Amino acid sequence: MTVPGPTGDDLVEIFAALANPLRLRIMAVLADGRDYVSHLAREIGVSRPLLHMHLQRLEAAGLIVGTLELSDDGKAMKYYEVTDFSLHLTASALAEAARTLTRPDPGKGPGPKEHS
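Residues numbered from 1 in each chain as written. Predicted model: local features only at pLDDT ≥ 70, side-chain atom pairs only at ≥ 80, totals over all residues. Heavy atoms only, no water.

**Student:** Hey, could you run me through the pairing of strand β2 (residues 64–70) in this one?
**Tutor:** Regular strands place side chains that alternate from one sheet face to the opposite one. Relative to strand β3 (residues 76–82), β2 runs antiparallel, the two being bridged by seven bridges. When the bridges of β3 are listed, G66 appears paired with Y80. Linking β2 to β3, which pair antiparallel, is a turn of five residues; within it G74 sits at a positive phi near 90°. (Pairing = 2+ DSSP bridges. Helix = DSSP H or I, 4+ residues; strand = E, 2+ residues; numbered from the N terminus.)

**Student:** For this particular structure, what's the right way to read the pattern of salt bridges?
**Tutor:** Any two side chains of opposite charge can pair, so long as their charged atoms come close to each other. By the definition in use, this model includes two salt bridges. The shortest N-O distance in the salt bridge between R34 and E69 comes to 2.7 Å. Highlighted residues: R34 in the loop between α2 (21–31) and β1 (35–36) and E69 in strand β2, separated in sequence by 35 residues. With a closest N to O distance of 2.8 Å, R99 and E96 form a salt bridge. Taking relative accessible area as the criterion, E96 reaches 43% and is therefore assigned partly exposed. (Salt bridge = Lys/Arg side-chain N within 4 Å of Asp/Glu carboxyl O. Buried < 20%, exposed > 50% of the residue type's maximum accessible area, 1.4 Å probe, protein only.)

Shown next as structure tokens:
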């Protein structure tokens, strides 16, 4: 039995999330183990608001997951870690994923749901 790979929409979201150098650096740091937001911001050298924006994009793509935990002194701390994912890209896997695309071509303007 073959397990289906990510859909075309999934791949577009994953590739878009990884197409930013800062998000790649975040993934590299988190590949060494989970970390909390304040420490991660210092480690990477960005503000927490900017880091949050990038973390949200990676989490939406399913590449990381965040959990809220209480520290010993009662502070809420958000920890992030890399999810257990694996992508093996081949021409045939990309062709199969392309057949499942449901989102419009970004070069052709907004899709039906995107009109305001």
